[in-house]
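Here is how the chains run, residue by residue.
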Amino acid sequence: MKVAVLGAGAIGAYVGAALHRAGADVHLVARGPHLAAMRRDGVRVLSPRGDFTARPGATDDPVEIGPVDFVLLGLKAHSYAACGPLIAPLLHDTTAVIAAQNGIPWWYFHRHGGPYDGQRVESVDPGGAVSAVLAPERAVGCVVYAATALEGPGVVRHLEGTRFSIGEPDRSVSARCLEFSAGMTAGGLKCPVEPELRNDIWLKLLGNISFNPISALARATMRQMCLHGGTRKVIETMMTETLAVAEALGCEVGVSIERRLAGAEKVGDHRTSTLQDLERGKPLELDVLLAAVVELAEITGVDVPTLRTVHAISDLLALRSAA
């Protein structure tokens, strides 16, 4: 299969290297020193499971790649609406787009069934701007449980986890999902096809919606947030409200809040991606994590006062940091 990774950062380059190692025709789209290093030396993966180097194609011009079977999106969700010129050369009639994103995806209600079927979530797809570029029919959902970091240009540090759960919006076990899963498995990764992928989305979101904005507001690590009594209580309340929204939409997370907090505390002094983006002056990816859930609460009639409060404050932080 032919795969393009659009936004080949830490996660994208890691997946691309694994797929290439398994024999897939992989092309990475990146820029700057990272691209130069991958062109020169390949992708070097440093992992407790064993280091390796892969040499997939690497370019900053998708036109050089042409149409592919799968596009793995490694971009931040706030970049999706503007990625049209980059993704268009990669598409043919049946190209699938696998979005490795956190939070609520733009396709969430596509073929959802029930009273909300086809409804647009404005926080993540304002005016349909994302759907116009990334047709929901192409979407395959992806929830990333692996942790990676760019140690330097062309060098990916794999920290833990190899699971990338994927699934169709209509809950079918499709041929395209099975094909991509087989390629990922051959590359040494776990890639289960989950009919109820939305459950996975809410499971991961349970942590992201609380820890990410609070970490940016408090400039705190995971351990610090868990050990501070007042902050821990706020996070517990945010998680409780989030679970209520998920349940109103028919989803089951299957993990207790206490277990989720215990797991976060074990991570130690890790700085969330939102805190790292704030420190680097990058846009904060809070719309898909927090604003979207507040919007879904309005749609379902669930009361989420703490989520609303944290959203208001963190939204001001995002606006000021972007100024």
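To keep things clear, this report deals only with the structure shown in the data block.

Moving on: the overall build of the protein. A tally of helices and strands in the protein yields twelve helices and eleven strands. For 323 residues, the compact-globule estimate of 2.2 N^0.38 gives 20 Å, and the C-alpha radius of gyration of the protein, at 19 Å, lies within 12% of that figure. If one aligns the C-alpha atoms of the protein with their principal axes, the spans along those axes are about 50 × 40 × 40 Å. When each of the 323 residues of the protein is scored for burial, the buried share is 53%. Roughly 13500 Å² of accessible area belongs to the protein as shown, and the carbon and sulfur atoms make up 52% of that amount.

This paragraph deals with the state of the cysteines. With the rule as written, the count across this model stands at zero disulfides. Left unpaired, Cys191 is separated from the closest cysteine sulfur, that of Cys142, by 6.6 Å.

Here we come to the pairing of strand 1 (residues 2-6). Side-chain direction in a regular strand flips from residue to residue, so the side chains alternate between the two faces of the sheet. Buried residues dominate strand 1, accounting for four of its five residues. Of the pairings in the sheet, the one linking strand 1 to strand 2 (residues 25-29) comprises five bridges and is parallel in character. Across the sheet, Val3 pairs through a bridge with Val26, a residue of strand 2. Running through helix 1 (residues 10-21), the crossover from strand 1 to the neighbouring parallel element strand 2 is right-handed.

Their axes nearest at 10 Å, the elements helix 8 (residues 229-248) and helix 9 (residues 257-267) cross at an angle of 130 degrees. Classified by the angle their axes make, helix 8 and helix 9 are oblique. The two elements helix 8 and helix 9 meet at a crossing, and its hand is right-handed. Facing helix 8, whose interface residues are Arg232, Ile235, Glu236, Met239, Thr240 and Leu243, helix 9 presents Ile257, Glu258, Arg260, Leu261 and Glu265. Taken together, the residues of the contact of helix 8 with helix 9 sort by class into five nonpolar, one polar and five charged.

Looking at where Ser165 falls in the secondary structure, it is placed in strand 11 (residues 164-167). Classification of Ser165 as buried rests on a relative accessible area of 0%. Polar side-chain contacts of Ser165 include one of 2.8 Å to the side chain of Arg163. Residues within four places of Ser165 in sequence aside, it is in contact with Gly141, Cys142, Val143, Tyr145, Pro192, Glu194, Leu197 and Asp200.

So, on to the environment of Cys226. Checked against the element boundaries, Cys226 lands in helix 7 (residues 222-227). Taking relative accessible area as the criterion, Cys226 reaches 3% and is therefore assigned buried. Residues Cys226 and Leu19 lie 207 residues apart in sequence; the distance between their C-alpha atoms is 37 Å. Setting aside chain neighbours within four positions, we find Cys226 in contact with Phe211, Arg232, Leu261, Ala264 and Glu265.

Right, let's talk about the layout of surface pockets for a bit. Think of a ball as big as a water molecule: rolled over the atoms, this probe shows where empty space is left. When its volume is computed, the second largest pocket comes out at roughly 290 Å³. Forming the boundary of the second largest pocket are 19 residues, of which His78, Ser123, Leu284, Asp287 and Val288 lie nearest the centre. Looking at the lining of the second largest pocket, the element that brings in the most residues is helix 12 (residues 305-322), giving five residues. Residues belonging to the lining of the second largest pocket are distributed by class as follows: twelve nonpolar, four polar and three charged.

Another point: the nonpolar core. Membership of the largest hydrophobic core comes to 69 residues, with the highest contact counts inside it found for Leu73, Ile104, Leu134, Trp202, Phe211 and Val245. Core analysis: the next-biggest nonpolar cluster, separate from the first, contains 38 residues, Ala18, Leu72, Val156 and Met184 among them.

With that settled, consider the packing of aromatic side chains. Under the criterion given, the structure shown has four aromatic pairs. Measuring from centroid to centroid gives 5.2 Å for Phe70 and Phe180, while their planes differ by 50 degrees, and the two rings are tilted. Here Phe180 lies in helix 5 (residues 175-186) and Phe70 lies in strand 6 (residues 70-73), a separation of 110 residues in the sequence. With a relative accessible area of 2%, Phe180 lands in the buried category. Through a chain of ring-to-ring contacts, three or more aromatic side chains come together here, namely Tyr108, Phe109 and Tyr116. Cation over ring: Arg198 sits above Tyr108, and NZ or CZ is 5.3 Å from the ring centre.

What follows concerns the sheet that holds strand 9 (residues 147-152). Here four strands make up an open sheet; going across it, the order is 4-3-10-9 and the pairing mixed. Each of the sheet's edge strands pairs with one partner strand only, and the pair in question is strand 4 (52-54) and strand 9. If you compare each strand with its neighbour and ignore which way they point, the axes differ by 25 degrees on average.

Of note, Asp315 is situated in helix 12. The class for Asp315 is partly exposed, based on a relative accessible area of 33%. As a C-alpha pair, Asp315 and Pro213 span 102 residues in sequence and 9.2 Å in three-dimensional space.

Conventions and cut-offs
Residues numbered from 1 in each chain as written. Predicted model: local features only at pLDDT ≥ 70, side-chain atom pairs only at ≥ 80, totals over all residues. Heavy atoms only, no water. Helix = DSSP H or I, 4+ residues; strand = E, 2+ residues; numbered from the N terminus. Rg over C-alpha atoms; globule rule 2.2 N^0.38 Å. Buried < 20%, exposed > 50% of the residue type's maximum accessible area, 1.4 Å probe, protein only. Areas by Shrake-Rupley, 256 points an atom, 1.4 Å probe, with all protein chains shown as cover. Disulfide = S-S within 2.5 Å. Pairing = 2+ DSSP bridges. Right-handed = clockwise from strand over helix to strand, strands pointing away. Axes fitted to C-alpha atoms, helices over the stretch in contact; angles between N-to-C directions. Parallel < 35°, antiparallel > 145°, perpendicular 65-115°, else oblique. Left-handed = near helix turned anticlockwise from the far one by under 90°. Contact = heavy atoms within 4.5 Å. Nonpolar A, V, L, I, M, F, W, Y, C, P; charged D, E, K, R; others polar. Polar contact = N/O pair within 3.5 Å; in protein donor to acceptor, adjacent residues only side chain to side chain. 1 Å grid on protein atoms, 1.4 Å probe; cavity = no way out; pocket = protein on both sides within 12 Å on 5 of 7 lines; lining within 4 Å. Points joined across faces, edges and corners; volume = space filled by probe spheres on them. Core = buried A, V, L, I, M, F, W, Y, C linked by side-chain atoms within 4.5 Å. Phe/Tyr/Trp six-rings, centres within 6.5 Å; stacked < 30°, edge-to-face > 60°. Lys NZ or Arg CZ within 6 Å of the ring centre and 35° of its normal.

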